[in-house]
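Close look at the chain arrangement
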Amino acid sequence: MKWFESTADGIQQSLNAQRSNPTRERFFQMYASTTLRYSVYRHIIVLEQSFRNLTPFIPRSVLLAKHLACDPLLPLTASSEYNDVFFARAEE
């Protein structure tokens, strides 16, 4: 039992030290941006075959959002919309 306690304490201290890493903190500050998160989601969706194990980390609301075959996740910063006007001059 004593061994388990000392091992658990050592692991907890190690994890706490890793959690306070400045690089990790900068990443979480940057990842707080919704636009950046959606960019990551888009890449995961487009590269699904290679990164299928990451799909469960994408929020369900994102996976159920409107999408097209040519663009599986519309960017939040889109300045135009894929609609009938957009495709009016496209060839069949």
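Residues numbered from 1 in each chain as written. Predicted model: local features only at pLDDT ≥ 70, side-chain atom pairs only at ≥ 80, totals over all residues. Heavy atoms only, no water.

1. Examining the overall build of the chain
Looking only at helices and strands, the chain has five helices and zero strands in total. Along its sequence from the N terminus, the chain presents helices and strands in the succession α-α-α-α-α. Whereas a compact globule of 92 residues would reach a radius of gyration of roughly 12 Å, the chain reaches 21 Å, over 25% beyond that. Seen along its three principal axes, the alpha-carbon backbone of the chain occupies a region of about 75 × 25 × 20 Å. Residues counted as buried form 7% of the 92 residues belonging to the chain. Long-range pairs, those at least 24 residues apart, make up 30% of the contacts in the chain between residues at least 6 apart in sequence. Summed over all atoms, the accessible surface of the chain reaches about 8,000 Å², with 58% contributed by carbon and sulfur. (Helix = DSSP H or I, 4+ residues; strand = E, 2+ residues; numbered from the N terminus. Rg over C-alpha atoms; globule rule 2.2 N^0.38 Å. Buried < 20%, exposed > 50% of the residue type's maximum accessible area, 1.4 Å probe, protein only. Contact = heavy atoms within 4.5 Å. Areas by Shrake-Rupley, 256 points an atom, 1.4 Å probe, with all protein chains shown as cover.)

2. A word on a nonpolar patch on the surface
Judged by side-chain polarity, V46, L47, F51, L54 and F57 come together as a nonpolar surface patch covering roughly 480 Å² of accessible area. Within the fold, L54 resides in the loop between α4 (48-51) and α5 (60-63). (Patch = residues over 30% accessible without salt bridge, like charges linked within 9 Å, V, L, I, M, F, W, Y side chains within 5 Å. Salt bridge = Lys/Arg side-chain N within 4 Å of Asp/Glu carboxyl O.)

3. A look at the environment of T35
If you trace the backbone, T35 turns up in helix α3 (residues 34-46). C-alpha separation for the pair T35 and N53, spaced 18 residues apart in sequence, amounts to 22 Å.

4. Focus: the nonpolar core
The nonpolar side chains of a soluble globular protein tend to be buried with one another. Core analysis: the biggest nonpolar cluster contains five residues, these being Y41, I44, I58, V62 and L73. Look past the residues within four positions of I44 in its chain and what remains in contact with it is F51, L54, T55 and I58. (Core = buried A, V, L, I, M, F, W, Y, C linked by side-chain atoms within 4.5 Å.)

5. Topic: the packing of aromatic side chains
Considering all chains together, one arrives at three aromatic pairs under this definition. Geometrically, the ring pair formed by F27 and F28 is edge-to-face, given 5.5 Å between the ring centres and 65 degrees between the ring planes. You can call F27 partly exposed: its relative accessible area is 41%. For F28, a relative accessible area of 42% gives the class partly exposed. An aromatic cluster is defined as three or more aromatic residues linked by ring pairs; in this entry it consists of F27, F28 and Y31. (Phe/Tyr/Trp six-rings, centres within 6.5 Å; stacked < 30°, edge-to-face > 60°.)

In short, geometric facts, not functional conclusions.
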